[in-house]
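# Inside the fold
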Amino acid sequence: MKSLRELYRIGYGPSSSHTMAPSSAAERFKSQTPEAVSYSIILYGSLAATGKGHMTDKAIATALAPKSTVFEWRPSEFLPYHANALRITAHDTKGDKIKETLFYSIGGGAIQEEGFVEETKDVYPNLGMTSLLDWCRRNGRHLWEFVLDKEDADMPAYLTEVWDVMKDAVQRGLKMQRALPGGLNLGRRAYGFYQKSRRSDPVFRRSGLLYSYALAVSEENASCGKVATAPTCGSAGVLPSVLLYLEELLGLGSSDIVRALATAGIFGNIVKTRSTISGAAGGCQAEVGTACAMAAAAAAELLGGTPRQVEYAAEMGLE
């Protein structure tokens, strides 16, 4: 399994698969074709079917700017490897082809270039939860310790940066009141939920705060704001809402949140490796279901759960 840096990606919404990954693919291709004067892009399958709403073309065009771009949309054509595919072609001054590459957006902001073997190495063995729980039992350690044992020494600092991005997204989203971008003129709801929850009784206050925090991040993501995938942009609000609520409730420190993010991350990594976190491939369950499992695991860890209890919490969250 890959590093948690591949799971917790920092970038701009509204979609890890439809904007973050295509933008990264375009930036990579642009660096490979500095002599190009224009680009043509073909979007396939899910990228073409919902790309307009996700502003996929704008994200790609921005990455390739100031060179001109032309788009072709093929929503009914699904390529074998993945439902999210885009082909980018570079052209010279005569319009002749310089280079052409097919990319796949495979979920969570990750891209796969056809015929290219990614150089990122595995930092975890390809284990399931049974093996991980056995490791915890034999060594008398927690799941977050397994993560920090396998990652490099800078991982706590990176997870702290991820948490800062998450909290900033919540705070920005709680203050914004203008309509979300797009043709539907949808109003934001996080601000209203937050204000009402602060004046409610304790039971409704708890749920109201969780709703408002999650909505705040989701609305920031929908507005092309800066978020951290957890495990995707579309599900980016679930984990930070739970972590922020528990931070305020329990008076937690940054080291506690780092441990919670590490714990949540190993569950997201297992789903990503053994199944999918791509909404195009696995539906909403792949994104929000995984996010719920990650949040449940993090909460159980923060509340003093054993590794077995943490695993069971994640299982119930996914169900």
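What you are looking at is a predicted structure, and each value in this text was computed from that prediction instead of being measured.

What follows is about the layout of surface pockets. There is about 590 Å³ of room inside the largest pocket. Considering the residues around the largest pocket, the lining is formed by 23 residues, among which Glu 6, Arg 9, Ile 106, Ala 110 and Ile 111 are closest to the centre. Of all elements in the fold, only α1 (16–32), β5 (97–107), β6 (110–113) and α10 (254–274) reach the threshold of two or more residues within the lining of the largest pocket. Of the residues that constitute the lining of the largest pocket, the class distribution is 6 nonpolar, 10 polar and 7 charged. Put simply, the second largest pocket is a space of about 340 Å³. Forming the boundary of the second largest pocket are 14 residues, of which Gly 53, Leu 180, Pro 181, Leu 186 and Ala 222 lie nearest the centre. Top element by residues in the lining of the second largest pocket is helix α2 (residues 45–54). It accounts for 3 residues. Classifying every residue of the lining of the second largest pocket by side-chain character gives 7 nonpolar, 6 polar and 1 charged.

What follows is about the pairing of strand β4 (residues 84–91). For β4, the buried fraction is high: 7 of the 8 residues fall into the buried class. Pairing geometry for strand β2 (residues 38–44) and β4, over 7 bridges, is antiparallel. Counted as the bridge partner of Ile 42 is Arg 87 from β4. Both β4 and β5 contribute to a ladder of 7 bridges, which runs antiparallel. Within the sheet, the bridge partner assigned to Ala 90 lies in β5 and is Lys 99.

Rules used in this analysis
- Residues numbered from 1 in each chain as written.
- Predicted model: local features only at pLDDT ≥ 70, side-chain atom pairs only at ≥ 80, totals over all residues.
- Heavy atoms only, no water.
- 1 Å grid on protein atoms, 1.4 Å probe; cavity = no way out; pocket = protein on both sides within 12 Å on 5 of 7 lines; lining within 4 Å.
- Points joined across faces, edges and corners; volume = space filled by probe spheres on them.
- Helix = DSSP H or I, 4+ residues; strand = E, 2+ residues; numbered from the N terminus.
- Nonpolar A, V, L, I, M, F, W, Y, C, P; charged D, E, K, R; others polar.
- Buried < 20%, exposed > 50% of the residue type's maximum accessible area, 1.4 Å probe, protein only.
- Pairing = 2+ DSSP bridges.

Purely geometric numbers; function is a separate question.
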